[in-house]
Amino acid sequence: MSSDIDVPAADGTSTPRTSDRGAATRGALLSAARDVFCEAGFAQAAVTDIVAKAGASVGSLYHHFNGKADLYLTLFEEFQGRQQERTRDAINAVRDAGETDPMRQFIAGAGAYLDGCLAERGVARLFISGDGPPGFDRVMRQRLNKWARRNAALFHTADGGVDEALVVVLTGAMAGAVSEVSLSDDEDASRRLAADMMAIIGTIRNPGSQQP
């Protein structure tokens, strides 16, 4: 196990911690993998190109990751973590401002998710392009469904559960919005499209509403 304490050298200075060097190498490999994947796509990306760009060795890559697919999935999980944080912050912000309508809270979170796709267009496009490890399209769909299910919990059904039909509708709507925003080459048009999509989603009837 790596030590978390600097080891004093003969001259009284301390050498970098093994754990720090390992974290730096891991971060460099992820950064390099992101760049190579975005440029060449997953299928065409070579491990040798990734380690060369990272200034690392093939051995160090396999020390930190199981291979190319593991790098890809790690990048995806980290992106989803940032997206979840963006969504949570946006929902909390409108709540703190006094917004109590669940649909408006959802729209705030969904807008933040799409903003994240725009802010990290290259990465978002990579994951939506269809060029990923075998079975990744299922992983992507499951994560988006999980995101929609978590945010659909803003709407309480009579028994305190989640409206399954609403989850399906929101998942489909967000999948389409994410795809359009991520794959478009026109950022301004993407932002307008995202805003229009959110406005349409906002017309969906609140399941907890008493309106017909």
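What comes next concerns the included structure.

Conventions adopted
Every chain's residues receive numbers from 1 upward, in the order its sequence appears when written. Since the coordinates come from a predicted model, pLDDT governs what is reported: local features require at least 70, and pairs of side-chain atoms require 80 or more to be given and counted, while whole-chain, interface and lining totals use all residues. Only hydrogens and water are set aside; all other atoms, that is, all heavy atoms of the structure, feed into the side-chain values. Space inside and on the surface of the protein is sampled on a 1 Å grid over the protein atoms alone, with a cavity defined as a set of points where a 1.4 Å probe fits but cannot get out and a pocket as an open set with protein on both sides within 12 Å along at least 5 of 7 lines; lining residues have an atom within 4 Å of a point. Grid points are joined across faces, edges and corners, and a volume is the space filled by probe spheres set on the points. Under the DSSP-based scheme used, a helix requires at least four consecutive residues in state H or I and a strand at least two consecutive residues in state E, with every element numbered from the N terminus. Axis geometry follows a simple rule: fit a line to the C-alpha atoms, using only the stretch in contact for helices, then measure angles between N-to-C directions, giving values from 0 to 180 degrees. What sets the label is the angle itself: under 35 degrees gives roughly parallel, over 145 gives roughly antiparallel, 65 to 115 gives roughly perpendicular, and the rest give oblique. Each helix crossing is assigned a hand: it is left-handed if the near helix lies turned anticlockwise from the far helix by less than a right angle, otherwise right-handed if that turn is clockwise. Contacts were defined at the residue level, with two residues in contact if any of their heavy atoms lie within 4.5 Å. Partly exposed describes any residue whose relative accessible area lies between the buried limit of under 20% and the exposed limit of over 50%, with all areas from a 1.4 Å probe on protein chains only and scaled to the type maximum. Only one rule defines a salt bridge in this text: a Lys or Arg side-chain nitrogen within 4 Å of an Asp or Glu carboxyl oxygen. In this text, buried Ala, Val, Leu, Ile, Met, Phe, Trp, Tyr and Cys residues form a nonpolar core when linked through side-chain atoms within 4.5 Å. Here a polar contact means two N or O atoms within 3.5 Å. Within protein one must be a hydrogen donor candidate and the other an acceptor candidate, and residues neighboring in sequence count only if both atoms are side-chain atoms.

All right, on to empty space enclosed by the protein then. Scanning the model with the defined rule gives 1 cavity of 30 Å³ or more in all. Its boundaries defined by the atoms lining it, the largest cavity holds a volume of some 60 Å³. In terms of lining, the largest cavity is formed by Gln80, Gln83, Gln84, Tyr113, Arg143, Lys146, Trp147 and Arg150. For the lining of the largest cavity, the secondary structure elements donating two or more residues are helix H4 (68-96) and helix H7 (136-152). Top element by residues in the lining of the largest cavity is H7. It accounts for 4 residues.

This part is about the packing of helix H6 (residues 121-128) against helix H8 (residues 164-183). Each pair of packed helices can be summarised by the angle the axes make with each other and by the distance between the axes. In contact at an axis separation of 8 Å, H6 and H8 are set at 125° when each is read in the N-to-C sense. It follows that H6 is oblique to H8 by the angle criterion. For the pair H6 and H8, the crossing hand works out as left-handed. Mapping the contact onto sequence places Arg121, Ala124, Arg125 and Ile128 in H6 and Val178, Ser179, Val181, Ser182 and Leu183 in H8.

A word on the environment of Ala56. Here Ala56 shows up in the loop between helix H2 (47-54) and helix H3 (58-64). Along the chain, Ala56 and Leu29 lie 27 residues apart, while their C-alpha atoms are 7.5 Å from each other. Aside from chain neighbours lying at most four places away, what touches Ala56 is Thr25, Leu29 and Val51.

A few words on the environment of Ala175. Residue position: Ala175 is located in helix H8. Given a relative accessible area of 18%, Ala175 falls into the buried group. Put simply, Ala175 and Ile128 are 47 residues apart on the chain and 9.3 Å apart in space, counted from C-alpha to C-alpha. Excluding residues within four positions of it along the chain, Ala175 makes contact with Arg141 and Leu144.

This part is about the pattern of salt bridges. One pass over the full model with this rule turns up 8 salt bridges. Asp115 is the salt-bridge partner of Arg191, the closest N and O atoms lying 3.6 Å from each other. Highlighted residues: Arg191 in helix H9 (residues 187-201) and Asp115 in helix H5 (residues 102-119), separated in sequence by 76 residues. Of the residues examined, Arg191 reaches a relative accessible area of 39% and is grouped as partly exposed. Salt bridges sharing partners connect three or more residues here, namely Arg82, Arg86 and Glu120.

Let us look at the environment of Asp89. Along the chain, Asp89 turns up in helix H4. Separated by 23 residues in sequence, Asp89 and Ala112 have C-alpha atoms that sit 8.6 Å apart.

Okay, the nonpolar core next. Of all hydrophobic cores here, the largest spans 51 residues; its most connected members are Phe37, Phe106, Phe127 and Met174. Considering each element in turn, this core owes the most residues, 8 residues, to H8. Contact partners of Phe106, with chain neighbours within four places excluded, come to Trp147, Asn151, Leu154, Phe155, Leu170, Met174 and Ile201.

The subject of this paragraph is the side chain of Ser190. Mapped onto the fold, Ser190 is located in helix H9. Under the relative-accessibility criterion, Ser190 is labelled buried at 1%. At 3.0 Å, the side chain of Ser190 and the side chain of Ser184 are in polar contact. Beyond its immediate stretch of four places on either side in the chain, Ser190 contacts Leu118, Arg121, Glu180, Val181 and Ser184.

These results come straight from atomic positions and should not be treated as a statement about function.
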